[in-house]
Amino acid sequence: MVVKSDDNKIICRCEEVSLGTIKDIVHHFHCSSREVKLRTRAGMGYCGGRICRTIIEKVVQDINNEKVSNESQLSYRPPIRPVTFGQLGGSENDDES
Amino acid sequence: MSDLLIIGAGPAGLSAAIAAAEEGLSVTVIDEFPKAGGRLLGQLHQEPNGEWWNGIQKGEQLSQRAHQLGVTIQCEVSVYDISQSKNGWEVYTTRGEYKAEKLLLATGATESPIPVKGWTLPGVMTIGAAQIMGNVHRVKPGNSCIIIGANVLSMAIANELKLCGVNVKEIIIPKADITSNEAGNPEQVLSSLMRLTHLAPTPILRQLGKIGKMVHPKIAIRLFPKKGIRMFDIPLRLKTAALEIVGDRFATGVRTVNIKANGEIDHTSEKVVDADFVCIAGGLTPLSELASIIGCSFKYIPELGGHVPVHNEQMQTNIPGLYVAGNITGIESAKVAMAQGRVAGLAIAADITNDWEQMETSINKAIENVNITRDKALIQFHPGISDARKKFYQKSEVNLTQISKIKKREA
Ligand SMILES: Cc1cc2nc3c(=O)[nH]c(=O)nc-3n(C[C@H](O)[C@H](O)[C@H](O)COP(=O)(O)OP(=O)(O)OC[C@H]3O[C@@H](n4cnc5c(N)ncnc54)[C@H](O)[C@@H]3O)c2cc1C
Ligand code: FES
C-alpha cells in the first residue's frame, strides 16, 4: 500500500534523511538500522535521535521482516542532551586558562 | 552528597521523594523543565464522578509536601550522563555534577512521532506540545487545528484545546504506510479504542467500550459513519486519512481522503481542510535513555508502550542501587505513577538502612496500592496493562536483596 510519492517524506529531521533514502540503503546493502545510521547519518543529528530513532528502527525491521528485539540496535550514547564544551569540561577549568 | 538523587520531578519522582524523606533520607530532585510537576502540569480532565483532575494543583501539592520534608528540588537541570562509582552515583548535568548513594530514574514518557508528509513545516507539532502551550504556557497555538492520530491521548487533549478556545476541526488518522502501522488502520484504531475500560475519561470512549463488549471491531468499523462521530462536539473521523500537511512556508491545512474499513483509499474524495496548526498524535513510549546509557537490561512490552528497563515490583533494576518509577516503567496514568513512586521511595529507604524486614509491611502495602490504582485507572493507554505487568514481574530476572532474604526466612 506504500505510495511511491511518499518516499520523499523526511524521517530524520535533523539530518534531513528521507524515507526513500532509508529504504534504498536497506534494500541495497541488506543492512541493520545501525548500518543505516552510519551510512546516512539518520539518527546522528542535533536531537541525538530522540525524534527519529523509533521510526528508523521500525522501518528497517519491517523491510527486513524482523521481530522487535529486547535490546535496541540504535544505542544511546552520552551526552544525551546538547551540552556546551564549558559544561563538559567544567567552567572552573575555563576560568583558569 | 544526598542519600537519594531523583531525576524527574513528575508525579513519580515527587511521590518517591516524599516517601523517602518521610523515612528520614536526604533527598534531591532535579528536572530539566522550569517548573516541578512533570506531565501533571498539562493535565486537566473531568472524572466520571464529576470532579476535575487539575494536574497543576496536584503538582503544587506534591512539591509543597516535599519542601516541608526538606527535599531539595532543582529545576532547569538537564542530565546528560551518569556513571557509577564505588560509593554510589555521579550524575553529570548542565548545572554541574551531583553525587548520591542511590539513584531513581523517574524521567517519564516521550511521544512517538508519526512522520506525515509535510510534518517539518512550522505550525506542525505533537499533541503534547499543543497541550504544554495551551495548559502550561497559556498560549493558544492558533484558532483552528486538525489532529492526526486517534488515541486516548489525542482525544483527551482535543477537549483541552477546545477549552482553550481552539476550534478543533477534526480528529483523523494518518494514511497507512510503513511508518504509521496500526495508527493508520481504521479497524485497528477502533478496536483499540473499544478495548478501553468503561472508566475511560470521555463519554464517547465509555460508549465505545460498551459496544466493544458486544460487536467485533471488524463489524463495528463497517458501521462506523463516514462523517465520523462527535466527541465533545469534535468530529472523530476514523475513515478519513491524512495524505499530507500542506502549506508553503508554514502549515495551512491537511490534504485528506476518505478510506474504507480495510484502509482502501477513495481518491475521488480528496480535499484540503484548512487549519492554523496541525497536531500529530502517535502515542507515548517510556523515556529510558538514561537507563540505557547506565547499562540496564531492557524488555520490549507493547502493552507498556515499548522498551522498558527490566525491574521488579519493588522498582529495583538489574543494576544495584538503581531504581525506576513512573512512566519510564510503562505508560500509565499519573495516579499509577504516584503510587509507584511511593514504592520506590520506601524500597530505597529500606535499601539504605539495610532493614528490609522492618519495611516489608509498608512496601507490600504500597505495592498493593499500585495494583488497586492500576485497576481503577481512568486512562489506560494500552489494553492489557495489568496482565502484561503481572507476567513481566513473575518472570523478572532481577534478583533482589529483600526477595532473597524473605525466601531464606521462609525456608
Ligand atoms: C504529552 C503527554 C500527555 C499526557 N497526558 C496525560 C493525561 O492527560 N492524563 C494522564 O493520566 N496521563 C497523561 N500522560 C502520561 C504521563 O506520563 C503520566 O500521567 C505521568 O505524568 C507520568 O509521571 P512520571 O513522573 O513518570 O513522568 P513525568 O510526569 O513525565 O515527569 C518526568 C520528568 O522528568 C524530567 N526529565 C526527563 N529526562 C530528564 C533529564 N535527562 N534530565 C532532567 N530531567 C529530565 C522531565 O522534564 C519531566 O518533568 C501524558 C504524557 C505525555 C507525554
Ligand atoms: S531527527 Fe534524526 S537525529 Fe534528530
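To be clear, the structure that these remarks concern was listed above.
Below you will find a few notes about this structure. Only a predicted model underlies this, so the values are computations on that prediction, with no experimental measurement involved. Here the residue numbers are simple positions, counted from 1 along each chain's written sequence. Lettering of chains starts at A and numbering of ligands starts at 1, both following the order in which they are written. The model is predicted, so local features are restricted to residues of pLDDT at least 70 and side-chain atom pairs to those at 80 or more, both for listing and for counting; the totals for chains, interfaces and linings are taken over all residues. Neither water nor hydrogens contribute to the side-chain values; these are computed over all heavy atoms in the structure.

Moving on to the overall build of chain A. Helix and strand counts for chain A come out as five helices and two strands. Strands are runs of DSSP state E lasting at least two residues, helices are runs of H or I lasting at least four, and both sets are numbered from the N terminus onward. Along the chain direction, N to C, the helices and strands of chain A fall in the order β-β-α-α-α-α-α. Here chain A holds 97 residues, and the buried ones make up 37% of them. Considering only residue pairs separated by 6 or more positions, chain A has 47% of its internal contacts joining residues 24 or more positions apart. Note on areas: these come from Shrake-Rupley sampling with a 1.4 Å probe, and a residue is covered only by the protein chains present in the view. For chain A, the exposed area adds up to about 5,900 Å²; of that, 50% sits on carbon and sulfur atoms. Each residue is placed in one exposure class: buried if its accessible area under a 1.4 Å probe, protein chains only, is under 20% of its type's maximum, exposed if it is over 50%, and partly exposed if it falls in between. Residues count as neighbours in contact if any of their non-hydrogen atoms are within 4.5 Å of one another.

Another aspect to go through is the interface of chain B and chain A. Each partner contributes residues to the interface: chain B has 30 residues there, and chain A has 33 residues. Once two parts are joined, some of their accessible surface, as seen by a 1.4 Å probe, is lost; buried area is that loss totalled over both. Of all residues in chain B, B:Tyr80, B:Ile178 and B:Glu289 bury the most surface against chain A, accounting for 25% of the area lost on that side. Salt bridge, as used here, is a side-chain nitrogen of Lys or Arg placed within 4 Å of a carboxyl oxygen of Asp or Glu. Applying the counting rule to chain B against chain A returns four salt bridges. One salt bridge connects B:Lys175 with A:Asp6, and the closest N-O pair in it is separated by 3.2 Å. Whenever a nitrogen or oxygen atom comes within 3.5 Å of another N or O atom, the pair is scored as a polar contact, on the condition that within protein one atom can donate a hydrogen and the other can accept it, and that pairs from neighbouring residues in sequence are kept only if both atoms are in side chains. At the junction of chain B with chain A, the criterion picks out 16 residue pairs in polar contact (both at pLDDT 80 or more). For the side of chain B that touches chain A, the leading source of residues is helix α8 (residues 289–294) of chain B, giving four residues. Charged residues are taken to be Asp, Glu, Lys and Arg, nonpolar residues to be Ala, Val, Leu, Ile, Met, Phe, Trp, Tyr, Cys and Pro, and polar residues to be all remaining types, Gly included. Looking at the side of chain B that touches chain A residue by residue, the classes come out as 14 nonpolar, nine polar and seven charged.

Quick look at the site of ligand 1 now. We call a residue near a molecule or strand whenever a single non-hydrogen atom of that residue lies within 4 Å of it. Around ligand 1, a shell composed of 32 residues is seen, among which B:Ala12, B:Asp31, B:Arg39, B:Gln43 and B:Asn327 lie nearest. What surrounds ligand 1 is not a single chain but chains A and B. Take B:Arg39: an N or O atom from its main chain is 2.8 Å from an oxygen atom of ligand 1. Contact between ligand 1 and B:Val79: a nitrogen atom at 3.0 Å from a main-chain N or O atom of the residue. Here ligand 1 has 960 Å² of accessible area as a free molecule, and 96% of this is covered by the chains. Within the residue set of the shell around ligand 1, elements represented by two or more residues are α1 (11–22), α3 (127–136) and α9 (334–353) of chain B.

This paragraph deals with the environment of B:Leu236. Residues and elements named next belong to chain B. Looking at where Leu-236 falls in the secondary structure, it is placed in strand β14 (residues 234–246). When the C-alpha atoms of Leu-236 and Leu-5 are compared, they prove to be 43 Å apart, with 231 residues separating the residues in sequence. The contacts of Leu-236, once residues within four sequence positions are left out, are Ala-150, Met-155, Ile-171, Leu-193, Phe-224, Gly-228 and Ile-229.

Our focus in this paragraph is the packing of α9(B) against helix α10 (residues 356–376) of chain B. Residue and element names in this part refer to chain B. Axes here mean lines fitted to C-alpha atoms, for a helix over just the part in contact, with angles spanning 0 to 180 degrees between N-to-C directions. For the pair α9 and α10, the least separation of the axes is 9 Å and the interaxial angle reads 170 degrees. With respect to each other, α9 and α10 are oriented roughly antiparallel. Taking contact as the criterion, the partners of Lys-335, Val-336, Ala-339, Gln-340, Arg-342, Val-343, Leu-346, Ala-347, Ala-349, Ala-350 and Asp-351 in α9 are, on α10, Trp-356, Met-359, Ser-362, Ile-363, Ala-366, Ile-367, Asn-369, Val-370, Thr-373 and Arg-374. Here the contact of α9 with α10 is composed, by residue class, of 13 nonpolar, four polar and four charged. Orientation categories follow fixed angle ranges, with anything under 35 degrees roughly parallel, anything over 145 roughly antiparallel, 65 to 115 roughly perpendicular, and all other angles oblique.

All names here are of chain B. Formed by 45 residues in total, the largest nonpolar core has its most connected members in Ile-6, Val-27, Val-29, Val-71, Leu-104 and Ile-363. Among the elements of the structure, β1 (2–7), α1, β2 (27–30), α2 (55–68), α9 and α10 are those that each provide at least two residues to this core. For this core, the element with the most residues is α9, which contributes twelve residues. What is meant by a nonpolar core is a set of buried Ala, Val, Leu, Ile, Met, Phe, Trp, Tyr and Cys residues, joined one to another through side-chain atoms within 4.5 Å. Ranked by size, the runner-up nonpolar core spans 41 residues in total, among them Ile-157, Ile-173, Leu-190 and Ala-220.

Residue and element names in this part refer to chain B. For a helix, the expected span equals 1.5 Å multiplied by the residue count minus one. Taking 1.5 Å per residue, 14 residues should reach 20 Å; α2 reaches 20 Å between its end C-alpha atoms and fits that length. Listed in full, the buried residues belonging to α2 are Gly-55, Gly-59, Leu-62, Ser-63 and Ala-66. Angularly, the buried residues of α2 cover 95 degrees about the axis, an arc narrow enough to put them on a single face. In α2, the exposed residues that point more than 90 degrees away from the buried face are Gln-64 and Gln-68. Packing partners of the buried residues in α2 comprise α1, β4 (52–54), β5 (72–74) and α9. Measuring from the side-chain oxygen of the N-cap residue of α2 to the backbone nitrogen of Ile-56 gives 3.2 Å; that N-cap residue is Asn-54. As used here, the arc belongs to the directions running from the helix axis to the C-beta atoms.

A word on unusual backbone geometry. Residues and elements named next belong to chain A. The omega angle of the peptide bond from Pro-78 to Pro-79 is -5 degrees, so this bond is cis rather than trans. Along the chain, Pro-79 falls in the loop between α3 (53–64) and α4 (85–89). The phi angle at His-30 is positive, at roughly 45 degrees, despite the residue not being glycine. By secondary structure assignment, the location of His-30 is in the loop between α1 (19–29) and α2 (33–40). With a relative accessible area of 68%, His-30 lands in the exposed category. Positive phi values are uncommon outside glycine, yet Asn-65 reaches one of about 60 degrees. You can see Asn-65 is positioned in the loop between α3 and α4.

Scope: geometric values only; no functional claims are made or implied.
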